[in-house]
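Structural description and commentary
Here is how the chains run, residue by residue.
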Amino acid sequence: MSIRVEALTKIYGTQKAVDGISFSAGKGVTGFLGPNGAGKSTTMKILTGFIPQTSGSASVAGFDISKQSLDVRRNIGYLPESNPLYLDMYVKESLAFIAGIHKITSPDARIAEVIEQTGLGPEQHKKLGQLSKGYRQRVGLAQAIIHNPEVLVLDEPTSGLDPNQLVGIRQLITELGKTKTIILSTHIMQEVEAVCNQVIIINKGNIVADDILEQLRADNGGESLEQIFIKLTN
């Protein structure tokens with residue numbers, strides 16, 4: 001498995017944001033669901049090396065997040081919910097900047113490949129500040145995958161997109177999931193049903209469901225994912 005989490009806990013002051021969770025994820029797209037404040041973003045920030053855990057352990061692509069942090073960062077791509085971009089940079093310039101950070105050999109060829117893969121061709125000569133939200137999300141994804149990581153962590157990658165933009169990003173995530181391990185956090189249940197093969201639901205810092213989508217439905221009398229989510233998190 002590309003991601004393994006064992007008894008992971010994160011405490012802020014007196015609040016236990018993540019409470020001893022364990023799960024694993026392999027190649028494909030895993031939906032990581034939960035209400036606001038459930039511990040999703042905290043877990044993803046721990047996996048990507050942004051914040052340390054209080055206790056427990058996790059590995060990404062076989063590397064321990066605490067002991068081999070740099071190796072984890074080399075093998076993981078992260079698109080945070082805020083998608084921080086330098087808006088005065090041009091598309092190709094911003095990708096060259098990230099390629100430089102990762103010390104990519106033949107960066108021009110890789111940038112061209114990623115622009116093609118993410119559908120950024122028509123906008124590649126624009127400044128990021130001139131792009132629509134959909135294209136900015138594509139730039140965020142392009143930055144996350146430019147070093148060809150084994151694992152991708154995507155936090156609300158389609159929030160605020162129109163239906164056409166949504167379809168494009170979903171298709172891209174589905175395509176990437178054929179060769180990579182993807183953790184996808186979202187509140188849009190139709191999105192999970194469209195692209196995810198595994199579903200993990202977290203509530204109040206605890207995992208309340210972890211199964212393939214078809215089995216989760218079968219175990220809950222064929223209910224929709226939305227109905228299952230409401231039942232498990234209310």
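Source: prediction; values computed, not measured.

Despite not being glycine, Ala7 shows a phi value in the positive range, around 50°. Its identity as a non-glycine residue notwithstanding, Ser106 has a phi of 50°, on the positive side. Along the polypeptide, Ser106 turns up in the loop between helix H3 (91-101) and helix H4 (107-117). Given the relative accessible area of 52%, Ser106 is considered exposed.

Right, let's get into the pattern of salt bridges. Once the charged atoms of two side chains with opposite charge are near each other, the side chains can pair. Going through the model one piece at a time under the given rule, you end up with seven salt bridges. As a salt-bridge pair, Arg74 and Asp71 come within 3.1 Å of each other at their nearest N and O atoms. Of this pair, Arg74 and Asp71 both sit in helix H2 (residues 69-74), three residues apart, roughly one helical turn. According to the relative accessible area criterion, Asp71 is partly exposed, its value standing at 27%. Taking the shortest distance from any N to any O, the salt bridge between Lys231 and Glu223 comes out at 3.1 Å. Given the relative accessible area of 45%, Lys231 is considered partly exposed.

Moving on: the packing of H3 against H4. At a minimum axis separation of 10 Å, H3 and H4 run at an interaxial angle of 125°. Comparing their axes, H4 and H3 come out oblique. The interaxial crossing formed by H3 with H4 has right-handed handedness. Contacts from Lys92, Leu95, Ala96 and Ala99 of H3 reach H4 at Pro107, Ile111 and Ile115. Split into classes, the residues belonging to the contact of H3 with H4 amount to six nonpolar, no polar and one charged.

The next thing to look at is the side chain of Glu123. Examined against the element boundaries, Glu123 turns out to sit in the loop between H4 and helix H5 (133-145). Under the relative-accessibility criterion, Glu123 is labelled buried at 13%. With near-sequence residues (within four places) excluded, Glu123 lies in contact with Val91, Leu131 and Tyr135.

The next subject is the UniProt feature "domain: ABC transporter" (unreviewed entry) in the protein. When the UniProt feature table is mapped to this numbering, "domain: ABC transporter" (unreviewed entry) covers residues 3-229. Regarding residues 3-229, the helix share stands at 36% and the strand share at 27%, and the terminal C-alpha atoms are separated by 23 Å.

Quick look at the sheet that holds strand E4 (residues 55-60) now. With respect to topology, four strands assemble into an open sheet ordered E2-E1-E4-E5, the strand pairing being antiparallel. The open sheet terminates on both sides in strands that have one partner only, identified here as strand E2 (15-25) and strand E5 (63-64). Sheet analysis places E4 next to E5, joined by two bridges and oriented antiparallel. Across the sheet, the residue bridging to Val60 is Phe63, located in E5. Running at roughly 115° to strand E1 (residues 3-12), helix H1 (residues 40-47) makes contact with E1, E2 and E4 of the sheet.

So, on to helix H9 (residues 225-233). Among all positions in H9, only Leu225, Ile228, Phe229 and Thr233 are buried. Buried residues of H9, viewed axially, fall in a sector of 110°; they line one side. Contacts made by the buried residues of H9 are with strand E3 (28-33), helix H7 (189-195), strand E9 (198-203) and helix H8 (213-219).

Across five bridges, E1 lies against E4 in antiparallel orientation. In the sheet register, Thr9 faces E4, and the bridge partner there is Ser55. Joining the antiparallel neighbours E4 and E5 is a turn of two residues, in which Ala61 adopts a positive phi near 55°.

About the thresholds
Residues numbered from 1 in each chain as written. Predicted model: local features only at pLDDT ≥ 70, side-chain atom pairs only at ≥ 80, totals over all residues. Heavy atoms only, no water. Helix = DSSP H or I, 4+ residues; strand = E, 2+ residues; numbered from the N terminus. Buried < 20%, exposed > 50% of the residue type's maximum accessible area, 1.4 Å probe, protein only. Salt bridge = Lys/Arg side-chain N within 4 Å of Asp/Glu carboxyl O. Axes fitted to C-alpha atoms, helices over the stretch in contact; angles between N-to-C directions. Parallel < 35°, antiparallel > 145°, perpendicular 65-115°, else oblique. Left-handed = near helix turned anticlockwise from the far one by under 90°. Contact = heavy atoms within 4.5 Å. Nonpolar A, V, L, I, M, F, W, Y, C, P; charged D, E, K, R; others polar. UniProt positions renumbered as here; feature names shortened; annotations may be inferred. Pairing = 2+ DSSP bridges. Arc of directions from axis to C-beta.

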